[in-house]
Amino acid sequence: MMKSAVLFSQKPLHFYIFAEDNLHEGFRHSLDSWPSTVQTKFKFTLYSITFPKENANEWKKLFKPCASQRLFLPLILKEVDSLLYVDTDILFLNPVEDIWALLSQFNSSQLAAMAPEHEEPRIGWYNRFARHPYYGKTGINSGVMLMNMTRLREKLFKNDLTTVALHWEQILMPLLQKYKLNITWGDQDLLNIIFHHNPESLYMFPCQWNYRPDHCMYGSNCQQAEQEGVFILHGNRGVYHNDKQPAFRAVYEAIQKYPFGENMEALLLEPLEESLQAATHTYCGRASHTFTRSLKQSVTSVQQDVTQRRQSGHHIDVTP
């Protein structure tokens with residue numbers, strides 16, 4: 001995920017990494033092993049997994065051990081104004097600054113942005129099975145979540161707990177206590193409940209910013225991806241590491257195997273396109289032209305930037 005962010009972004013990045021303490025050294029070792037020309041493009045800060053002490057175990061058990069950490073980012077990173085949260089199974093096929101630019105499209109009441117959980121209600125989960133309130137027609141997916149955390153910290157949220165509007169830190173635990181027997185997807189369900197009652201606070205971005213197997217495994221149902229390509233790939237269901245969706249795995253392995261500083265066209269795009277040819281027996285494989293459309297533009301943009309830097313006398317070894 002971090003490698004894909006660094007490869008295609010042309011603006012400096014700051015990663016806030018939340019991980020179990022025993023994983024911190026591995027992160028440092030891996031990132032320090034990247035070429036120095038790549039390391040100049042980003043900085044990173046490592047954090048322990050942190051929950052409110054009085055209910056820490058309850059939050060840890062919610063869905064996945066680290067998943068509900070995202071709910072507390074506005075309270076932990078108090079000095080950070082805005083943040084893009086992503087699950088670890090995210091791959092950027094576009095520069096990070098492209099989704100970051102959506103912050104400037106927020107109106108005065110919007111404080112977070114997410115994509116719908118489903119485009120097609122007939123295969124939607126929330127509208128068929130949820131036992132709690134959810135946002136809109138099919139709910140929202142929190143694997144890619146853009147946040148104006150200053151606004152989030154200041155907002156008073158309407159709720160079904162009390163007639164009084166509550167701040168973010170006041171609403172989380174009471175919501176969990178009320179709905180914990182009715183929620184399946186942990187913190188994502190809590191976010192759905194919050195934005196169900198505060199729909200004016202959410203900016204919805206299209207499915208191409210959070211493209212999952214659900215968007216193609218029963219046939220292509222993300223119209224924006226068909227038109228413009230996939231911008232962010234979300235490999236949930238473990239698809240980067242099993243054989244169920246070989247098109248998703250092919251993208252993951254192409255980025256994983258690409259050696260920093262080498263020709264992106266020859267050593268990333270071409271091997272990927274070859275691997276995708278072998279995935280056409282699946283619905284997602286047949287939709288894989290949407291995976292490479294935006295990626296090709298990202299590669300071209302990086303190449304042009306490298307060329308311009310060299311022509312202006314700035315030598316850089318990053319790509320291609």
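Reading the values: rules and limits
Residues numbered from 1 in each chain as written. Predicted model: local features only at pLDDT ≥ 70, side-chain atom pairs only at ≥ 80, totals over all residues. Heavy atoms only, no water. Helix = DSSP H or I, 4+ residues; strand = E, 2+ residues; numbered from the N terminus. Rg over C-alpha atoms; globule rule 2.2 N^0.38 Å. Buried < 20%, exposed > 50% of the residue type's maximum accessible area, 1.4 Å probe, protein only. Contact = heavy atoms within 4.5 Å. Areas by Shrake-Rupley, 256 points an atom, 1.4 Å probe, with all protein chains shown as cover. Lys, Arg positive; Asp, Glu negative; His and termini not counted. Charge placed at Lys NZ, Arg CZ, Asp CG, Glu CD. Pairing = 2+ DSSP bridges. Axes fitted to C-alpha atoms, helices over the stretch in contact; angles between N-to-C directions. Core = buried A, V, L, I, M, F, W, Y, C linked by side-chain atoms within 4.5 Å. Salt bridge = Lys/Arg side-chain N within 4 Å of Asp/Glu carboxyl O. Disulfide = S-S within 2.5 Å. pLDDT = per-residue confidence, 0-100. Polar contact = N/O pair within 3.5 Å; in protein donor to acceptor, adjacent residues only side chain to side chain.

## Considerations on the overall build of the chain
Helix and strand counts for the chain stand at 15 helices and 8 strands. Taking 20 Å as the expected radius of gyration for a compact globule of 320 residues, we find that the chain reaches 20 Å, a close match to that expectation. Counting only C-alpha atoms and orienting by the principal axes, one finds that the chain spans roughly 60 × 45 × 40 Å. Taken across its 320 residues, the chain has 52% of its residues classed as buried. Pairs at least 24 apart in sequence give 69% of the contacts found in the chain among residues at least 6 apart. Carbon and sulfur atoms form 50% of the exposed surface of the chain, whose accessible area is close to 15000 Å². Of the side-chain charges in the chain, 31 are positive and 33 negative, and the distance between the mean point of each set is 4 Å.

## Structural notes on the sheet that holds strand E7 (residues 202-204)
The sheet built from 4 strands is open, its strands ordered E3-E6-E5-E7 with mixed pairing. Pairing within the sheet leaves two strands with one partner each, and these edge strands are strand E3 (82-86) and E7. Direction aside, the axes of adjacent strands within the sheet are offset by 25° on average. Bridging between E3 and strand E6 (residues 140-148) involves 5 bridges; their strand directions are antiparallel. In the strand pairing of E6, Val-86 is matched with Val-144.

## Quick notes on the nonpolar core
Phe-205, Tyr-211, Leu-233 and Phe-248 are the most contacted members of the largest nonpolar core, which totals 64 residues. Among the elements that make up this core, the one with the highest residue count is helix H12 (residues 246-257) (6 residues). Once residues within four sequence positions are removed from consideration, Phe-205 is found in contact with Ile-99, Leu-102, Ala-113, Met-114, Ala-115, Pro-116 and Val-144. Ile-49, Leu-77, Val-80 and Leu-190 belong to the second largest nonpolar core, which has 39 residues in total.

## Structural notes on the pattern of salt bridges
Going through the model one piece at a time under the given rule, you end up with 12 salt bridges. Arg-70 is the partner of Asp-87 in a salt bridge, and the nearest nitrogen-oxygen pair spans 3.3 Å. Here the residue Asp-87 occupies a position in the loop between E3 and strand E4 (90-92), and Arg-70 occupies one in the loop between helix H4 (56-60) and helix H5 (73-76), the gap between them amounting to 17 residues. Accessibility classification places Asp-87 together with Arg-70 in one group, the buried group. Its salt-bridge partner being Arg-249, residue Asp-243 comes within 3.0 Å of it at the nearest N-O pair.

## Quick look at the state of the cysteines
Taken as a whole, this structure holds 2 disulfides when the rule is applied. Cys-207 shares a disulfide with Cys-222; S-S distance 2.1 Å. For the disulfide bridge between Cys-207 and Cys-222, the dihedral angle about the S-S bond is near 95°, and by the sign convention the bridge is right-handed. On the criterion of sequence distance, the pair formed by Cys-207 in the loop between E7 and helix H11 (223-228) and Cys-222 in the loop between E7 and H11 is long-range, its members being 15 residues apart. Take Cys-222: its relative accessible area is 1%, and that puts it in the buried class. When the cysteines of the chain that form disulfides are numbered from the N-terminus onward, they connect as 1-3, 2-4.

## Remarks on the pairing of strand E5 (residues 112-116)
Within a regular beta strand, the side chains point alternately toward one face of the sheet and then the other, so they alternate between its two faces. Within E5, 5 of the 5 residues are buried, which leaves it mostly tucked inside the rest of the structure. As defined by bridge partners, E5 adjoins E6 across 4 bridges and the pair is classed as antiparallel. In the sheet register, Pro-116 faces E6, and the bridge partner there is Ile-140. Of the pairings in the sheet, the one linking E5 to E7 comprises 3 bridges and is parallel in character. Directly across from Ala-113, in E7, lies its bridge partner Tyr-203.

## Some points on the confidence of the model for the chain
For the chain, per-residue confidence averages 92 on the pLDDT scale, and residues scoring 70 or more make up 97% of the total. For residues 316-320, every residue scores under 50 in pLDDT, and the model assigns this stretch 24 contacts once sequence neighbours within four places are set aside.

## Description of the side chain of Ser-9
Along the chain, Ser-9 turns up in the loop between helix H1 (2-8) and strand E1 (13-18). Residue classification places Ser-9 among the buried positions, given a relative accessible area of 1%. Reaching out from Ser-9, the side chain makes a polar contact with the backbone oxygen of Ala-5 at a distance of 2.8 Å. Among the polar contacts listed, one links the side chain of Ser-9 to the backbone nitrogen of Val-96, at a separation of 2.9 Å.

## A closer look at the environment of Pro-95
One can find Pro-95 in the loop between E4 and helix H6 (96-100). A sequence separation of 89 residues divides Pro-95 from Val-6, and the C-alpha atoms of the two residues are 8.2 Å apart. Sequence-distant contacts of Pro-95, that is, excluding residues within four places in its chain, are made with Phe-8, Ser-9 and Ser-298.

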